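Residue-level structural notes
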Amino acid sequence: MSDTDLEHSHQNAPNRHERFRGDHPIVVEGLRTQFGEHVVHDDLDLKVNRGEILGVVGGSGTGKSVLMRAIIGLQQPTAGHIEIFGRSITNAEPDEEIGVRSRWGVLFQGGALFSTLTVGENVEVPLKQFYPEIGAELRREIARYKVMLSGLPEDAAAKYPSELSGGMKKRAGLARALALDPELLFLDEPTAGLDPIGAAKFDQLTRELKETLGLTVFLITHDLDTLYEICDRVAVLADKKVIAVGTIPELLETDHPWIDEYFNGPRGRAALASKERAR
Ligand SMILES: Nc1ncnc2c1ncn2[C@@H]1O[C@H](COP(=O)(O)OP(=O)(O)OP(=O)(O)O)[C@@H](O)[C@H]1O
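Quick caveat: nothing in here was measured; it's all calculated off a predicted structure. (Residues numbered from 1 in each chain as written. Predicted model: local features only at pLDDT ≥ 70, side-chain atom pairs only at ≥ 80, totals over all residues.)

**Regarding the overall build of the protein**
Of the regular secondary structure elements, the protein holds 11 helices and 10 strands. Whereas a compact globule of 279 residues would reach a radius of gyration of roughly 19 Å, the protein reaches 19 Å, a difference of no more than 12%. C-alpha atoms of the protein, sized along the principal axes, occupy 60 × 45 × 35 Å. Within the protein, the fraction of its 279 residues that count as buried is 39%. Long-range pairs, those at least 24 residues apart, make up 68% of the contacts in the protein between residues at least 6 apart in sequence. (Helix = DSSP H or I, 4+ residues; strand = E, 2+ residues; numbered from the N terminus. Rg over C-alpha atoms; globule rule 2.2 N^0.38 Å. Buried ≥ 20, exposed ≤ 12 C-beta atoms within 10 Å, placed from the backbone. Contact = placed C-beta atoms within 7 Å.)

Given below as structure tokens:
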């Protein structure tokens, strides 16, 4: 592909010329999500700051993954309003929605890689979908670069997911999430199932990518070390809402029993002690 072709493909690509400059790339207002009689979210509000890593915590089944799915348009809200990059996603026209979708990357729980494709081919999937004009050779090059950016060795691009360790699969999923140079990155329990060293390395990578690529990160986690090490703020889901959002010291000033038990329980204290030892 010539430089002119590449330029042309970028001109045709949805919304690639603009980067969001506002304060809140994600705004959720009055969200209600319901499955039959089961209300998961009721009048939930959340604003994510541009350039932050927002940790999202809450007990099992409080609706963290459903919230992420609602934000990325995979779960239709029963009521409420969601804005991404200042545009409503809840009432978006299909064309506009596709444009917005190309500006975020998602690492689902378990990686969600296509098992019949190599890692490199997995990374190529969104490139093919959103940039069909890009030639095969350039697409392969971009995929290889994303694989390396995610901390995998170059030869990992030719491997199948079944040939990778759990930690490598997460990185492969991350490489795919980064395929389109997103502004927003959604990570659903990225360190679940990793050993503590692998988890710490993944956290470090997330922080470095956020800083070098200027990402905003929405990170669902149960991992207290991740919260202490890399999250700028933490949002707590309970009682069908975001009951508090702030830095960990700010959260500790609230007197909600779940927050108190979570951060001041044995695991919370151990995570804090470990952070202080590291200092
Ligand atoms: N497609 C669906 N149909 C019906 N109920 C659903 C569906 N998806 C999620 N739920 C329900 O919504 C609730 C919230 O689920 P969600 O996966 O968001 O929880 P979570 O906070 O991410 O939990 P965990 O920390 O265990 O992953 C759960 O009770 C779940 O059973």
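**Re the pairing of strand E7 (residues 184-188)**
By the criterion of burial, E7 is predominantly enclosed, with five of the five residues buried. Neither face of E7 is open: one carries Leu184, Phe186 and Asp188, the other Leu185 and Leu187, and all of them are buried. Where strand E6 (residues 104-107) lies against E7, four bridges are found, and the strand directions are parallel. Following the sheet pairing, glycine 105 is matched in E7 by leucine 185. Inspection of the sheet shows E7 paired to strand E8 (residues 216-220) by five bridges, in the parallel sense. Note on E8: the bridge partner recorded for leucine 184 is threonine 216. Where the polypeptide runs from E7 across helix H7 (residues 196-213) and back to E8, its parallel neighbour, the crossover connection is right-handed. (Pairing = 2+ DSSP bridges. Right-handed = clockwise from strand over helix to strand, strands pointing away.)

**Some words on the confidence of the model for the protein**
Residue-level pLDDT values for the protein average 88, and 91% of them are 70 or greater. Here residues 1-15 is a poorly scored stretch, pLDDT under 50, and it has 17 contacts once near neighbours within four places are set aside; other chains count. Both confidence scores are given for the complex: pTM 0.90, ipTM 0.97. (pLDDT = per-residue confidence, 0-100.)

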